[in-house]
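# Structure assessment
Single-letter residue listing:
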Amino acid sequence: MNNLIESIKQLKKEKNAIILGHYYQKGEIQDIADYVGDSLALAQWAAKTDANIIVICGVHFMGETAKILCPNKKVLVPDLNAGCSLADSCPADKFESFIKEHPGYTVISYVNTSAAVKALTDVVVTSTNAKQIVESFPKDEKIIFGPDRNLGNYINSITNRSMVLWDGACHVHEQFSVEKIVELKLKYPDAIVLAHPECKGAVLKIADVIGSTAALLKYAVSHPQNEYIVATESGILHEMQKKCPDTLFIPAPPNDSTCACNECSFMRLNTLEKLYECLKNESPEITVDPVISAKAVKPIKRMLEISAQLGL
Ligand code: 13P
Ligand code: SF4
C-alpha cells in the first residue's frame, strides 16, 4: 500500500495533476487527495486549479461538473461506473417534459444531476447553498426544484415556499430509519443527531442539526465535546474522526442492519489501485457533449457566482 501511495504521488507530480476527493470516499483515498470536500467545494476547486489533469475521486456527476467548468483539461474519475441513484432518478427527457408542463417556472437543480439535466436548468445548487440560492429569488417566484424530493421539501419548509418538486431520491439517504436512530438515542441520550437533507422528512424531524456534509463536519469540529449520531453516508466519519479524535461518532444504521446501505456503493467503487491506474493511463476520462456543456456551464457558473457573493 505504501508503494502504491508513493507511485500515485509521483505520477501526480510528473503529470501536474490534482486529486479532488469527496467526503464519501474510502478513507485511504481521502488521505491521498489534495483537497477533500463536499460537492460545492469540489466544483470550486476544479474551477480555479491550474493543474493539467483533474482527478475527481467522487461520482460521475462530480466529474462532469469539473469537465464542464474546465473543458480544456483532462478530467478523470477512477471508476466510470461510479454513478448516483439520485441523478439516475431524473432522466433528462422526462425532466424536460416536466418543465414543459410548468411554463414560466424557474428551474433549480441539485448538482446531483446529469449534464443534460443541468443544460435544462436556470441555476444549480448543492446542499450547502440551496437555501440561500432559493432565497435569492423573489418570494412569489414560481420554481421547479429537482431531483431530490427530500431536500426540496426541506428547503420549502425552511424558506416557506412551495416549489414544485421532482420525485427523486438517493437510495442511501432514504435508508435511514427513525426507529433505529431512536434506539441509538436511548443508548446515547446525550448524542446530537446530525442529518443530511437528503434524508426522509421523518428523520430530519428528529435531527438536531441538518446540513451538507461540510456543514455537519463544521458543526462537529466546533462542538467537539458532544457525541454524535451521523445520518449520512458513513465516509464522512473518516474526516470527522480525524478532526475530532476524542469524539464519539456513531453512524446511523440503515433500515436493514444486514447490509452496509449507509455506504454509497457508487462512491466506494473508487480504490487506490484504480486511482493509480487512472493516473498512469490518463483514463477513464470524462467527456461531455460540447453542445450540452455550453448550456450546462451557465447554471453552474451562476451557482459559483452567487456562492462567492454569499461567501460560501
Ligand atoms: P454534499 O453536497 O454534502 O457533498 O452531498 C453530496 C451527495 O452526494 C450527498 O449524497
Ligand atoms: Fe448519489 Fe446518494 Fe451516492 Fe450521494 S450518496 S452520490 S446522492 S447515490
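The coordinates are above.
I will try to describe carefully the structure that is included in this document.

Rules used in this analysis
Residues numbered from 1 in each chain as written. Chains lettered and ligands numbered in written order. Predicted model: local features only at pLDDT ≥ 70, side-chain atom pairs only at ≥ 80, totals over all residues. Heavy atoms only, no water. Patch = residues over 30% accessible without salt bridge, like charges linked within 9 Å, V, L, I, M, F, W, Y side chains within 5 Å. Areas by Shrake-Rupley, 256 points an atom, 1.4 Å probe, with all protein chains shown as cover. Salt bridge = Lys/Arg side-chain N within 4 Å of Asp/Glu carboxyl O. Helix = DSSP H or I, 4+ residues; strand = E, 2+ residues; numbered from the N terminus. Buried < 20%, exposed > 50% of the residue type's maximum accessible area, 1.4 Å probe, protein only. Pairing = 2+ DSSP bridges. Right-handed = clockwise from strand over helix to strand, strands pointing away. Phe/Tyr/Trp six-rings, centres within 6.5 Å; stacked < 30°, edge-to-face > 60°. Contact = heavy atoms within 4.5 Å. Axes fitted to C-alpha atoms, helices over the stretch in contact; angles between N-to-C directions. Parallel < 35°, antiparallel > 145°, perpendicular 65-115°, else oblique. Left-handed = near helix turned anticlockwise from the far one by under 90°. Nonpolar A, V, L, I, M, F, W, Y, C, P; charged D, E, K, R; others polar.

Turning next to a nonpolar patch on the surface. Taken together, the side chains of Val182, Leu186 and Ile206 make up a nonpolar region of the molecular surface, amounting to roughly 270 Å² of accessible area. Inspection of the secondary structure puts leucine 186 in helix α10 (residues 178-187).

What follows deals with the pairing of strand β7 (residues 143-146). Of the two faces of β7, the one carrying Ile143 and Phe145 and the one carrying Ile144 and Gly146 are both buried. Sheet topology places strand β5 (residues 106-110) next to β7; 4 bridges connect them, and they run parallel. Each bridged residue has a counterpart across the sheet, and for threonine 106 the counterpart in β7 is isoleucine 143. The sheet contact formed by β7 and strand β8 (residues 164-165) spans 2 bridges and is parallel. Looking at β8, one finds that isoleucine 144 is bridged to valine 164. Note on the crossover from β7 through helix α9 (residues 149-159) to β8: the handedness is right-handed.

On to the pairing of strand β11 (residues 228-231). Look at any regular strand and the pattern is simple: side chains alternate between the two faces of the sheet. Of the two faces of β11, the one carrying Tyr228 and Val230 and the one carrying Ile229 and Ala231 are both buried. For strand β9 (residues 192-195) and β11, the ladder comprises 4 bridges, and the chain directions are parallel. Residue pairing for β11: valine 193 is matched across the bridge by isoleucine 229. When β11 meets strand β12 (residues 249-251), the two strands line up parallel, connected through 3 bridges. From the neighbouring strand, valine 230 faces β12, where its bridge partner is proline 251. With helix α13 (residues 236-243) bridging β11 and the parallel β12, this β-α-β connection has right-handed handedness.

What follows covers the packing of aromatic side chains. Overall, the coordinates contain 6 aromatic pairs when judged by the stated rule. For the pair tyrosine 219 and tyrosine 228, a centre-to-centre distance of 6.3 Å together with 90 degrees between the ring planes defines the contact as edge-to-face. For tyrosine 219, a relative accessible area of 25% gives the class partly exposed. Cluster of aromatic residues (ring-pair linked, three or more members): Phe95, Phe98 and Trp166.

This brings us to the sheet that holds strand β10 (residues 209-210). With parallel pairing, 4 strands are arranged side by side in an open sheet as β10-β9-β11-β12. Edge positions in the open sheet fall to β10 and β12, since each of these has one partner strand only. This element, α13, spans β9, β11 and β12 of the sheet and lies at about 175 degrees to β12.

The subject of this paragraph is the packing of helix α1 (residues 2-14) against helix α14 (residues 272-281). Two elements in contact, α1 and α14, have axes whose closest approach is 10 Å; the angle formed by their N-to-C orientations is 30 degrees. When the axes of α1 and α14 are compared, the pair comes out roughly parallel. As for the relative orientation of α1 and α14, their crossing is left-handed in sense. Residues Leu4, Ile5, Ser7, Ile8, Leu11 and Lys12 of α1 pack against Leu272, Glu273, Leu275, Tyr276, Leu279 and Lys280 of α14. Across the contact of α1 with α14, the residue classes tally to 8 nonpolar, 1 polar and 3 charged.

Attention shifts here to helix α4 (residues 60-69). Counting buried residues along α4, 9 of its 10 residues qualify, which places the element largely inside the surrounding structure. Along α4, the residues that are buried comprise Phe61, Met62, Gly63, Glu64, Thr65, Ala66, Lys67, Ile68 and Leu69. Packing partners of the buried residues in α4 comprise β1 (17-22), α3 (39-48), β3 (53-57), β4 (74-76), α7 (115-118) and α15 (290-309).

By themselves, these figures tell us nothing about what the structure is for.
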